[in-house]
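So the chains spell out like this:
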Amino acid sequence: MRTRLLAGAALVALPSASMMSAQATDAAIPAGDDTIVMDIFDVTSSKDYGYLRTNSATATRIAMKVQAIPLNISILGGDFIKDVNIREISDVLRYASSASGDNRMGIRAPGNPATPSGFMKLRGFPISQRLRNGVSRYTTHTVDNADRIEIIKGPAAIFFGLGYPGGVINYVTKKPVSGKNFTGIGYQYGGSGGIAGSHRATLDQNTTLLPKKAAFRVVGAWDNLKGDQDYEYQKGWSLTPSIIITPFDPKVFKATFEYEHTEYKRNIDDASWNYNENYFKDYYNPSASLLAAAGINPGDSDALAQWRAKNTSYATWTGFKRAELGDRYWAAYRTAARGAYYNAIDPANPNVPGARIHDDKWNMWGRGSWGEQKEDVIELTLNINPFPWLSLHYVYTREQGSYEALTATTSPNIDGNTFNYSNLSWRKDCRTGNNHQLDVVVKKSFRGTNHTLLFGGIYNDSRQKYYGNGPFIYNNIPGASLDYDAGKSANGTDNIPPWYNQYNWGLAFQKIYNRAGIQLNSHQLYTQYDPAIHVMPDINRPAMTLRNIVDAGNPRRDEQYFNYMGDFLKNRLRVMGGCRWTKSWSSGGQQASSNPPWFAGCPNMMYNLDPSLYNAYGIGSTTNTNPPVASTTLGSYYLGTFAINRGESYMVGASFDIVKDITLYFSRSQSFRPVSARGAMYDIGAFSTRAADKNRDPAGELARIRAEGADKVFHPEKGINTEFGVKTSLRDGRLTATASLFQLDRQGEALDDTSRQQADPMNYTKTGEYKSEPVNGGVRWYSNSSRRRVEGIELDVIWTPARNFQLLANGSWLWKAKTLLDTSINMDPAYLAGISATVRQAMIDKNYYTYDFRMPGVPEWRFNLLPSYTVGHGALRGLRGGIGMRYTSVMNVQNSNLYDSKHGGLTAGNFVAFDLNVSYPWEVRGFKFVTHLTVTNLTDRDYCEGGGDISTNGGFNYAPRRTWVVGTEAKF
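Just so it is clear, the structure is predicted and the values come from calculations on it, not from any experiment.

Caption draft 1: Focus on the overall build of the protein chain. When its secondary structure is counted, the protein chain shows 15 helices and 40 strands. Buried positions account for 56% of the 972 residues belonging to the protein chain. Accessible surface, the protein chain: about 38900 Å² in total, of which carbon and sulfur atoms supply 56%.

Listed below in C-alpha cells is the structure:
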C-alpha cells in the first residue's frame, strides 16, 4: 500500500528533482521504519535526516518520493536554513546549482505573481513565482516560519504554469505537531563589515490541546539588525500562530488554520561605487585630446569654461571619452568599490580640491531612505479522505499586503566635492487577495497497475492600489518657506518658487554654507551636499507621504488543471502527464481618476463610462482631426487594460527504475507568461493628423493598420524545457544524486518589429524621412516571435555515510546562454540604407550586443560544496562544524556599452566565497541548549552574485561583507 501511495502520488510531478535539504526536526522524524505517517498530502519519512530529504510534499501538490519525480527539485530543510544563515529570499539560491543571485532584493517594490521583482535566476532565466505553501505571495517573503524551502527548476508547468521559466521558490511553513509539547526560544547577536550590534530573538511553542485531536503552535521572530553601511538597518517582527484539528482519524479528516503577521522596515544599500575616477579629475584638468574630442580648441583662453559647460554628466563625459579613444564600445563602468569617494578640503587653498577620501561605509541610498513591507495572511487547509480511492485538499488564503518606500540615491556631482540627492521618490502599493484552491485525487488499481488522477482549480480575486510617486517639498524644512509668496505659481518640478534666488528664499533663516562661504537654500542642501563639511541631510524632512490613489485594479485569475499518472512493470515505470488552463483579467483595470489621462477612469471604466467622456479621459472615441475620425476601439494604450489573457501549460514525463536505486527520467514541460503588448502602439489622434498631412485618408489608414494586426492580441510567452536525467538513492538512500541534461527556451517576448516599422508609410514624413515616433503620428509595430535558449547539465549530490557526517555538492555547466532570434533587430541592407546614420549605428550596436554576447547574469560554471561533521565521542561530543565553498564563473552584468565585457566593462561572478558554521549542544539542569556560530563570506571577499536580464538591464552591486551571527537556542 505504501509503495502504491507514493507511486500514485507521482502523477503531480513538477519540474525537477535534486536534493539539497536539511535535517528534519525532532517532531518530523517518526519512530520505526520508513512508513508513511500522514495522508497523501503530507508525507514524512524516517530517512529525512541530515541534509537529506527523500520526499516532496507541497512542490508537487501531493507527497511523493523525490526519486520518482522526473524533474529537478531541491529541498532546503530547517537545519540547512540555520546552518547557512538564510534570512532573505536572496539567500535561498546561495547553494543551488545553475543559479545566480541578486542582493538588491531588500528595497525593491513588489512585482506580481507573474513578474516578481529582482533578477534572481535559475537555469539562466528569472524565477517565476515565490510561494507560501503553494500559494502566490505579493510582498513579504520571510523565512522566520519556514520548515523547508523547495526550489523547483525550470518551467513549473503543471502546478505553477504562469510566469517566467526559470523556476519556483516555495516556502513550507511549520505546522503543529499532535502528541508533543515543546518550546524553543533563541537569541542571536551579530554584525557585518565591522559593524556589530544586530539582535534577533525567536520563539517556537507547540502544545497538544487534545491528544490526537488538536494541537497549537506559534512561531515568532523579532529583528533589530544592522548592515555593513551607514544608516543600514532592518527592524521588524513576525508572528505565526496555527492550529491543527483532527476530530476523526487524521487519515480521514484534518483541518489546519494559520495566521501570519509580518512587518519589516529597512534601509539596505543596493548599489556600489562604479564611477571612473578620471571623470572627476578631468573636470579640473582635461587633456588636450579630450578637449578636442568635445569640439573645443585646447588653445582657447576659455577652453576650461567651455569644457565645463559641455561636460555636464557622467554619460556626456563617457561619450567624449569614447570619441577621444576612438572606441564607441569603451565601457562606461569599468571599476567598482564599496562606499563612495569625495574630495577633501585643502587648508592651504580651499578653492582647490584636496586628496580623494574613500568612505567605505557610505550608503548610496542616503540617510532616511526606507522600505517597509507588511503582510497579514489567513490560511485554512482541509484534507479530506472519505474513501480509500478519493482524497480532497482545499486551501483558502486571504492576503493583505502593502509595500511603502521613501528612497533617494546620493549621486556625486562632477566637481567631486558634492553630492546630489537624486531619484527622490515615495510610493505605496497595497493588495488584498482571496485565493481558493481545490485538489481532488482519485486512485484506482487494476490488472497489476496503479492509476491516479489529480484535477482541481484555483480562483484568485484581488484588489490592488497604487499611490504613486509623491513630490518632495523643500519648503517643509523648518524656516525654508517663510518668504514664500503664495500668490505666485510654484515650480512644478521641485515645488520651490522659481523666484527663490531673487528673494533669497529662506536664506535669512538658513545658516549652512558651501566651501566658498555661500549660503545654501533648502533645495541646495540636498543637491549640493558636501560630506567634508556637512551632516548628511535626512530625506524625511522634505518628503510628502500623503498621496491619493492614482491607480487601482481588480486582477483576477481562474485556473483548472488535470493530470494523470500510471505505474507499470511492477512499479518500475511511472508515466505522467497533465495540462493547466489559466485565464487572467483585470475587470476594468485602471480604476482611479486622480491623474488623467495616464491614470484615468472610474470603477469598471470600460463598462460604465459614458462614451462621450472618452476624450476627456484620454481614451478617444474620435480623433482630434477636422473632420474627426471615429474610433472603434479604446486605443492601443488601453487595450491591455481590459484584455483577458489566456494561457496553457503542460507536462509529460516518465521515470524508470533500471535497478532498485537507479532511476532514469525524461520530461518536457511548457509554462507561459501573458504578453500585454499588442500588434502596434499608436495614438489615434496623432496618427490621423499625420495621415492628413501626408494627403492620406485618416480613416483608411486607421483601418489599414488594424486590418494588418495593430490591435492583435499576442499569444503568451512560452517557457519550454526538455530534460533527461538519472537519479540514484544508493546505500539505503545515504548517497543520493541527480544528474540532469536540459534545454530551456524562452519564446515570444514582445519586441519591436523594426522591419515592419521601417516599411510602414506612416513612419515617414512628407519629405520622405524615416521617423518612427508613435506619439507624433507614427505606428510602432511589435512581434513576439523571439527566442532565447540555455542548455546545460546539473549534478546534485548528497552523501550521508553516517548520521554524524554529510556532504552536499552540486554544480552546473551551462555551455549555451544566447539569443537565437530578436525581431527588434533588422540587419537587412535595404533597411540599413534607408535610415539615418545614427539609427543605423544603433541597430548595428544592438545586433552586436544581442548576438555576440552571452546572456547577462548567467554563469557558465557553478560549483558548491558543503561538508558537515559532528563529533560522536569524547568531551566534544555533539560539536558540529562545516565549511561551505561557492564558486561562480564570470557573468555579463548588462549587454550594452555601459558594461561591455569585451571592452573593459565590469563583470559579475568570477569568485570563490567561503562560509563557516559551527554548533555545540550543552545542558544545564535538564535544560538543553545549542549554540550556533555562522559566518558568511568568511574571507570578506568583494564579489557580485548576478547581473541583469535582457529586457530590464541590471547593474553591478557587491554582495554583503563578512557577516557573522552567534546565538543560543534553548529547547524544553
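Right, picking up where we left off after that structure.
Caption draft 2: Representation of the packing of helix α10 (residues 684-693) against helix α11 (residues 698-707). Where α10 contacts α11, the axes come no closer than 8 Å and their chain directions differ by 120°. As the angle between them shows, α10 and α11 are arranged oblique. Along this stretch, α10 crosses α11, giving a crossing that reads as right-handed. Where α10 abuts α11, its residues I684, F687, S688, A691 and A692 lie against P698, E701, L702, I705 and R706. Broken down by class, the residue content of the contact of α10 with α11 amounts to 7 nonpolar, 1 polar and 2 charged.

Caption draft 3: Main features of the sheet that holds strand β31 (residues 780-783). Across the sheet, 3 strands lie side by side as β27-β31-β30; this open sheet has antiparallel pairing. Whereas interior strands pair on both sides, the edge strands pair on one side only; in this sheet they are β27 (680-681) and β30 (751-752). Note that β30 and β31 share 2 bridges and pair antiparallel. Considered in β31, the bridge of D752 is made with Y782.

Caption draft 4: A look at the environment of I414. Tracing the backbone shows I414 in the loop between β19 (390-412) and β20 (419-446). When the C-alpha atoms of I414 and Y314 are compared, they prove to be 7.7 Å apart, with 100 residues separating the residues in sequence. Among all residues touching I414, those that are not within four sequence positions of it are Y279, F280, Y283 and N311.

Caption draft 5: Region of the structure containing a positive patch on the surface. Taken together, the side chains of K226, K235, K265 and K374 present a region of like positive charge at the surface. In this fold, K226 is placed in strand β13 (residues 214-226).

Caption draft 6: How the structure looks around the pattern of salt bridges. Counted according to the given criterion, the structure contains 44 salt bridges. The residue D760 makes a salt bridge to R704 at a minimum N-O spacing of 3.1 Å. Of the two residues, D760 is situated in the loop between α13 (754-759) and β31 and R704 in helix α11; the sequence distance between them amounts to 56 residues. Between E717 and R746 there is a salt bridge, with its nearest N and O atoms 2.9 Å apart. Pair noted here: E717 is in strand β28 (residues 717-729) and R746 is in strand β29 (residues 735-747), with a separation of 29 residues, a long-range link. A relative accessible area of 3% places R746 in the buried class.

Caption draft 7: Molecular detail of the packing of aromatic side chains. Summed over the entire model, instances satisfying the criterion amount to 37 aromatic pairs. Ring geometry for W922 and F929: centres 4.4 Å apart, planes at 15°, overall stacked. On the basis of relative accessible area, W922 is assigned to the partly exposed category, the value being 34%. Directly above the ring of Y329 sits R328, whose terminal nitrogen or CZ lies 5.9 Å from the centroid.

Caption draft 8: Seen up close, the sheet that holds strand β5 (residues 121-122). In spatial order, the strands read β4-β5-β6; together these 3 strands make up an open sheet with antiparallel pairing. Strand pairing shows two members of the sheet lacking a second neighbour, β4 (99-100) and β6 (125-126), which therefore form its edges. Across 2 bridges, the pairing between β5 and β6 is antiparallel. Bridging from a neighbouring strand, K121 pairs with P126 of β6.

Caption draft 9: The arrangement of a nonpolar patch on the surface in detail. Residues F724, L741, I793, W813, W815 and W861 make up a contiguous nonpolar surface patch of roughly 570 Å² in combined accessible area. As for its placement among the helices and strands, L741 is situated in strand β29. Looking at L741, the relative accessible area reads 38%, which means it is partly exposed.

Caption draft 10: How the structure looks around the pairing of strand β39 (residues 927-936). In this structure, strand β38 (residues 911-924) lies alongside β39, joined through 9 bridges in antiparallel fashion. Looking at β39, one finds that V924 is bridged to F927. Where β38 folds back on β39, the antiparallel hairpin that results is connected by 2 residues, among which R925 adopts a positive phi of roughly 50°. Two strands pair when backbone bridges link them, and β39 and strand β40 (residues 963-971) are joined in this way by 9 bridges, in the antiparallel orientation. The residue bridging F929 from the neighbouring strand is A970, located in β40.

Caption draft 11: Just the packing of helix α3 (residues 277-284) against helix α6 (residues 314-325), in detail. Packing of α3 against α6 brings their axes to within 11 Å, and their N-to-C directions diverge by 85°. The orientation of α3 with respect to α6, classified from their angle, is roughly perpendicular. Together, N278, Y279 and D282 of α3 and Y314, W317 and K321 of α6 make up the contact between the two elements. Tallied by class, residues from the contact of α3 with α6 come to 3 nonpolar, 1 polar and 2 charged.

Caption draft 12: Representation of the nonpolar core within the structure. In terms of nonpolar packing, the biggest core is built from 46 residues, with W273, W307 and W362 touching the most fellow members. For this core, the secondary-structure elements that each account for two or more residues are α3, α4 (288-293), α5 (303-310), α6, β16 (340-345), β19, β20 and α7 (522-527). Listed in part, the 23 residues of the second largest apolar core include A99, I149, Y171 and L866.

Caption draft 13: Geometry of the side chain of R132. For R132, the location among the structural elements is in strand β7 (residues 129-132). Exposure remark for R132: the relative accessible area of 4% places this residue in the buried category. For R132, the side chain forms a polar contact with the side chain of E260, separated by 2.6 Å. Ignoring anything within four residues of it in the chain, the contact list for R132 reads R137, N170, Y171, T173, T240, E258, E260, V377 and E379.

Caption draft 14: Main features of α11. Of the positions making up α11, those classed as buried are P698, E701, L702, I705 and R706. Seen end-on, α11 carries its buried residues on one side only, within an arc spanning 135°. Where α11 is buried, its residues contact α10 and β31. Note on α11: the residue one or two positions beyond its end, G709, has a positive phi of about 105°.

Caption draft 15: How the structure looks around the side chain of R148. Along the chain, the position of R148 falls in strand β9 (residues 146-153). With relative accessibility at 11%, the residue R148 sits in the buried group. At a separation of 3.2 Å, a polar atom in the side chain of R148 contacts the side chain of E150.

Caption draft 16: Examining helix α15 (residues 837-851) more closely. Between its first and last C-alpha, α15 extends 21 Å over 15 residues, near the 21 Å set by a 1.5 Å rise per residue. Listed as buried for α15 are M843, D845, Y848, Y849 and T850. Where α15 is buried, its residues touch α13, β33 (805-821) and α14 (829-833).

Caption draft 17: Structural detail: the environment of L325. Structurally, L325 is set in helix α6. Taking the C-alpha atoms as reference, L325 lies 8.9 Å from A293; in sequence the two are 32 residues apart.

Caption draft 18: Inspection of the confidence of the model for the protein chain at higher detail. Chain-level statistics for the protein chain give a pLDDT mean of 81 and a share of 80% at 70 or above. With pLDDT under 50 throughout, residues 614-625 is counted as low confidence; its partners more than four residues away or in other chains account for 41 contacts.

Caption draft 19: Structural view of the environment of G319. Within the element layout of this structure, G319 appears in helix α6. Along the backbone, G319 and A293 are 26 residues apart, and their C-alpha atoms lie at a distance of 9.1 Å.

Caption draft 20: Broad picture of unusual backbone geometry. Unusually for a residue other than glycine, N85 sits at a positive phi of about 60°. You can call N85 buried: its relative accessible area is 12%. Phi at R925 is positive, roughly 50°, even though this residue is not glycine. Topologically, R925 is positioned in the loop between β38 and β39.

Calculation criteria
Residues numbered from 1 in each chain as written. Predicted model: local features only at pLDDT ≥ 70, side-chain atom pairs only at ≥ 80, totals over all residues. Heavy atoms only, no water. Helix = DSSP H or I, 4+ residues; strand = E, 2+ residues; numbered from the N terminus. Buried < 20%, exposed > 50% of the residue type's maximum accessible area, 1.4 Å probe, protein only. Areas by Shrake-Rupley, 256 points an atom, 1.4 Å probe, with all protein chains shown as cover. Axes fitted to C-alpha atoms, helices over the stretch in contact; angles between N-to-C directions. Parallel < 35°, antiparallel > 145°, perpendicular 65-115°, else oblique. Left-handed = near helix turned anticlockwise from the far one by under 90°. Contact = heavy atoms within 4.5 Å. Nonpolar A, V, L, I, M, F, W, Y, C, P; charged D, E, K, R; others polar. Pairing = 2+ DSSP bridges. Patch = residues over 30% accessible without salt bridge, like charges linked within 9 Å, V, L, I, M, F, W, Y side chains within 5 Å. Salt bridge = Lys/Arg side-chain N within 4 Å of Asp/Glu carboxyl O. Lys, Arg positive; Asp, Glu negative; His and termini not counted. Charge placed at Lys NZ, Arg CZ, Asp CG, Glu CD. Phe/Tyr/Trp six-rings, centres within 6.5 Å; stacked < 30°, edge-to-face > 60°. Lys NZ or Arg CZ within 6 Å of the ring centre and 35° of its normal. Core = buried A, V, L, I, M, F, W, Y, C linked by side-chain atoms within 4.5 Å. Polar contact = N/O pair within 3.5 Å; in protein donor to acceptor, adjacent residues only side chain to side chain. Arc of directions from axis to C-beta. Expected span 1.5 Å × (residues − 1). pLDDT = per-residue confidence, 0-100.

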